[in-house]
Amino acid sequence: SNKIDKAKQILLNVKGKIEDSPTKFKEELARTYNNLGVCYNRFERDSGDLDEAVRYFQLALDIKPDFTKAKINLSSVHLNKGSEKDFEEAYNIAEQLWNRSDKRDSTIFEIFIWSKFHHQSPQKAIDFYENSKEAQELVMIFSSIIKNSE
């Protein structure tokens, strides 16, 4: 928590320095907003602020609409917020990411399967996995990586 608070202060400092020249520092600003969102994407008891996280991820996407990491993170914060509306929002973002992806990114798969689990049902998540060769391949690859690292 202390390291995250320190990172947050550094990022806020960077943001203050580059926000005045958004066109000059477009990439850096999008990444800074995304990273600030990550710092805030924790529960209140861990000094997080989920609404602030949403705001920063959205700012990153306003600058760079195709920023996949920010979309994944935005979906994640909606899962953390936990309302039905947030589960739906998380699912809509994740489904779009999955459908447009090459089906090789385990992070996109993970956010998609969890949002499906919460927004639709555990059974629909299981059915999807059982009927998706790409999802099964990703899990197999991931499993073999873990086995090889032990």
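What you see is a predicted model; the values in this text were computed from it and never measured.

Conventions adopted
- Residues numbered from 1 in each chain as written.
- Predicted model: local features only at pLDDT ≥ 70, side-chain atom pairs only at ≥ 80, totals over all residues.
- Heavy atoms only, no water.
- Helix = DSSP H or I, 4+ residues; strand = E, 2+ residues; numbered from the N terminus.
- Buried < 20%, exposed > 50% of the residue type's maximum accessible area, 1.4 Å probe, protein only.
- Lys, Arg positive; Asp, Glu negative; His and termini not counted.
- Salt bridge = Lys/Arg side-chain N within 4 Å of Asp/Glu carboxyl O.
- Polar contact = N/O pair within 3.5 Å; in protein donor to acceptor, adjacent residues only side chain to side chain.
- Contact = heavy atoms within 4.5 Å.
- Axes fitted to C-alpha atoms, helices over the stretch in contact; angles between N-to-C directions.
- Parallel < 35°, antiparallel > 145°, perpendicular 65-115°, else oblique.
- Left-handed = near helix turned anticlockwise from the far one by under 90°.
- Nonpolar A, V, L, I, M, F, W, Y, C, P; charged D, E, K, R; others polar.

1. Describing the side chain of Lys-116
Then comes step 1: By secondary structure assignment, the location of Lys-116 is in helix H6 (residues 106-119).
Then comes step 2: Buried and unpaired, Lys-116 has Glu-95 as its nearest opposite-charge partner, separated by 5.9 Å.
Then comes step 3: Among the polar contacts made by the side chain of Lys-116, one reaches the side chain of Gln-120 at a distance of 2.7 Å.
Then comes step 4: When sequence neighbours within four positions are dropped, the list of residues in contact with Lys-116 reads Tyr-91, Ser-121, Lys-124, Ala-125 and Phe-128.

2. A look at the side chain of Arg-42
Then comes step 1: With respect to the secondary-structure elements, Arg-42 resides in the loop between helix H2 (26-40) and helix H3 (50-63).
Then comes step 2: Relative accessible area serves as the criterion here: at 12%, Arg-42 is assigned to the buried category.
Then comes step 3: Only 2.8 Å separates the side chain of Arg-42 from the backbone oxygen of Cys-39, close enough to count as a polar contact.

3. Looking at the packing of helix H4 (residues 68-81) against helix H5 (residues 84-100)
Then comes step 1: Orientation of H4 relative to H5, taken along the N-to-C sense of each, is 155 degrees, at an axis distance of 7 Å. Judged by the inter-axis angle, H4 sits roughly antiparallel to H5. Between H4 and H5 the crossing geometry is left-handed. Two secondary-structure elements touch here, H4 through Thr-68, Lys-71, Ile-72, Leu-74, Ser-75, His-78, Leu-79 and Lys-81 and H5 through Asp-86, Phe-87, Glu-89, Ala-90, Ile-93, Ala-94 and Leu-97.
Then comes step 2: For the contact of H4 with H5, a count of residues per class yields eight nonpolar, three polar and four charged.

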